[in-house]
Amino acid sequence: MTVLDVAGPGSGVPSVPAVPAAPAAPGRPGIGAARFFGKQGAYWRLMIRGAILLLLTLGIYRFWLATDQRRFLWANTEIAGDALEYTGTARELLIGFLIAIAVLVPIYGGFFLAALDLGIIGKLSGVIAFVLLALFGHFAIYRARRYRLTRTVFRGVRLHQTGSGWLYAVYSMLWWTITIITLGLAYPWAQASLERYKLRHTYYGDVRGRFTGSGTSLFLRGFVMWLLVVGPLLAGLIFAIGSISWTALAEAIERGGDNVIGRIESVSPNFGAALAFISIASTWSFIAAPLLYPAFQAMMLRWWTSGLRFGEMAATSRLRTAQMYGLYLRFMGYSILLLLVIGVLGGAVFGLAPSLLKVAEQSTLAEASGVVTTVIIYAVVMLAYSTMYQVIVKLRLWRLSFETAELSGLEALDKVNAAGVPSSAFGEGLADALDVGGL
Amino acid sequence: MDAMRSGPGVFYDGTTSARHSVSVELERDALLVRAAEGYLLARWPYGELEHLSAHEGMLRLGRAGSPVLARLEVHDPALAAAIDERAATVDRTGASERRGRAKVVFWSIAAVVSLVLVGIFGVPAMADRLTPYIPFGLERRLGEAVDAQIRPMLDTGKKGKAFECGIAEGEKAGHAALTQLVGRLEAAAALSMPIRLAVLRKPEANAIALPGGYIYLFEGLIAKAETVDEIAGVIAHEIGHVAHRDGTRSVLQTGGLSFLFGMVLGDFVGGWAVIIAAKTVLQSSYSREVERRADAFAVELMKKLGGNPRALGAILVRIEGSNHPGIKLLLDHPDTKDRLAAINLAQSDRVAALLTPAEWAALKRICAGS
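Here's what I pulled together on the structure shown here. (Residues numbered from 1 in each chain as written. Chains lettered and ligands numbered in written order. Predicted model: local features only at pLDDT ≥ 70, side-chain atom pairs only at ≥ 80, totals over all residues. Heavy atoms only, no water.)

Observations concerning the sheet that holds strand 8 (residues 196-200) of chain B
All names here are of chain B.
Move 1: Within the open sheet, the 3 strands sit side by side as 8-10-9. Their pairing is mixed. Edge positions in the sheet fall to strand 8 and strand 9 (207-209), since each has one partner strand and no second. Adjacent strand axes in the sheet meet at a mean angle of 15 degrees, parallel and antiparallel pairs treated alike.
Move 2: Sheet topology note: the strand 8/strand 10 (residues 214-218) ladder contains 5 bridges and is parallel. From the neighbouring strand, Leu197 faces strand 10, where its bridge partner is Ile215.
Move 3: In this fold helix 6 (residues 228-244) packs onto strand 8, strand 9 and strand 10, with an angle of close to 20 degrees to the strand it touches most, strand 9. (Pairing = 2+ DSSP bridges. Helix = DSSP H or I, 4+ residues; strand = E, 2+ residues; numbered from the N terminus. Axes fitted to C-alpha atoms, helices over the stretch in contact; angles between N-to-C directions. Contact = heavy atoms within 4.5 Å.)

See the structure below:
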């Protein structure tokens, strides 16, 4: 949800200065920093109030909450002494969503009818729907980015984005396919290529952006992590495939019936061992992936930030991996606290439950109200959790990503000419309707 | 406060990003922006000021309706207050913003209430009205599609036998008996579409009806039945669902509810779980009525054929007692007692055997295998 993508919100204790720093920054000319001075308390208030209203309006309030969040984040972010401005409105997001509904409803209706077809179309309708909706999803991501950029004003000049959403969607799908086929090895080049496309079509006024991060350098940095997470699993698979006696396998499949695996095992002595190895390896991956995730995220953010260029202006990230771990550890602490609170409250409720359950068995009404209560409790817990995540992880991440960035070439900031026009919020609405993180 | 006539500000003219340190002068009906060198940069009437989003230490102004994004930033609290006093559109306390927000919240809640009411009353009513207009041909295809989806879900495999009973050599006699029984029930029911009934090799004592005349009896039900009238009663109940087109109606209801709660309201955190739960609650309340009507249909059908209409009640009770608590008989739910009471009101006037003892014995072995 950053102005240019990637991360989200950060946090902030520092006080609001009465007057922000004068033009550039201290030290060398043209070198500056970004900072964030939003107060965490204010963001907590905004998010908690928003969560309550989300609950009461079954989610309709999300357009207003998203707008409030962005206003807060943008307004409290300062680059080289000037604060960003978010000019989008909730009404635009609502209209964008309505347009997306108008476009998607006939498509969903078409899929429903196609699924009833008994021929080849019916059989393929699931696949076609998946591909088409994935394409729409990537398109929506690109167009939502365009909306956000054109609603970002800095020093009276807006950002904007050109390029084709459909072209991006096709690139994106192709790269994701390659990434999946190569078990993630192509991910760095996919990211580099997609970021190059995005930044090449991103402008601050008349200054064009570009992305200089290279896939190879990201690959070299991240390869160890890949080896740690995917390596054992891959080794297990290769071992398993190597241990199978293929003629026996063909025979086993030909005979068919149950227990094909059992018969493969009986003719390929190492196959059982390979299966055991795979299960251990997948357990390992399952544990290692979340443990390494903050390091991965820090690496991505450093690589991405350091690759940003706008004309003469450049960014370098000084983010330390430990900072990212600190952020997630804090979140874990809060999560445990939340679980304890839920546990205590849940205990209290279930202490009273036996008498309530007796009533519930009797009448349909009581049973229905029991289900409704469960649903409400579930929604409250999920909202509490997501609010916590937004404030503790996203807000801090936002702050970190700006405050660890060192900017250079800022002299160019004084002579940017305005360009670009605001775009519609259709992309945001589509992203919201398709659940690809629009708001 | 009125003494405050001028103060410092930062101005961006909206055509370039250059930063101007300016002095802001407050006239009677407009605000003047003057460069440090003294020349005028902008003159904005108070009525045209737009109060823009900014952090709390800054008042950010633009000119309403202007395509040029000229910005004036005021950091001096006293000057900001003086501008606020003069311009009606400047809303530093956020009071008018809050009023607008309260309206949004109020109408959103009103919308939610009416959506829920539509979900409870409107969707079933619409499904009821629409169902008779669905052509049988379409229902047939719908049934085929649902069948294609549901079969793999039911068929958990293994055993090495065909999933459907009545195919193996030793099961043929049972299949013939069943076909005969179904034929008599079907003829008496005078349906507008043919029944396609199969017995599935599943241990649960249950039966389901899909759109398009598909009826599945599970092996467990055959095993639990003690008389042919019990099986006939269950089949008659399912034929009732087919005759009432309950499967199609439920597809329409589910579609309507998915649309209402899924698409219109969208997904906030964990929204799907809420939607599914809401649908479960709403649908189980629809289904009670549906079951009662199918029972009534079964009772009438059994009376017509001279079978024992109360046999359905007997097997209902037996299964209710033996099944796992989670698996409820013949679709939904706890008020078996109420259903039983309604079924037991039935009186059969004449008695006729639906199958010969030999045929009934064969039917019991329909899943016996080769």
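Still to come is the rest of the account.
Focus: the packing of aromatic side chains
All names here are of chain A.
Move 1: Per the stated rule, a full pass over the model turns up 28 aromatic pairs over all chains.
Move 2: Between Phe63 and Phe97 the ring centres are 5.5 Å apart and the planes differ by 50 degrees, which places this aromatic pair in the tilted class. You can see Phe63 sitting in helix 2 (residues 62-75) and its partner Phe97 sitting in helix 3 (residues 90-116), a full 34 residues away along the chain.
Move 3: With a relative accessible area of 2%, Phe63 lands in the buried category.
Move 4: A residue is classified by how much of its surface remains accessible, and Phe97, at 5% relative accessible area, is buried.
Move 5: Aromatic pair Tyr187 and Phe296: ring centres 6.0 Å apart, planes at 45 degrees, arrangement tilted. (Phe/Tyr/Trp six-rings, centres within 6.5 Å; stacked < 30°, edge-to-face > 60°. Buried < 20%, exposed > 50% of the residue type's maximum accessible area, 1.4 Å probe, protein only.)

What to know about the pattern of salt bridges
Move 1: For the coordinates displayed, the defined rule picks out 32 salt bridges over all chains.
Move 2: Put simply, Asp29 of chain B and Arg43 of chain B hold a salt bridge, and the shortest N to O gap is 3.6 Å. Taken together, the residues span a long stretch of sequence, with Asp29 of chain B in the loop between strand 2 (20-26) and strand 3 (30-35) and Arg43 of chain B in strand 4 (residues 40-45) at a distance of 14 residues.
Move 3: In this structure Asp29 of chain B comes out as partly exposed when scored by relative accessible area, which is 43%.
Move 4: Given a relative accessible area of 39%, Arg43 of chain B falls into the partly exposed group.
Move 5: Notably, a salt bridge pairs Glu169 of chain B with Lys172 of chain B, separated by 3.7 Å at the nearest N-O pair.
Move 6: Bridged by salt links that share partners, the residues Arg49, Asp68 and Arg71 of chain A together with Glu97 and Arg101 of chain B form one connected network. (Salt bridge = Lys/Arg side-chain N within 4 Å of Asp/Glu carboxyl O.)

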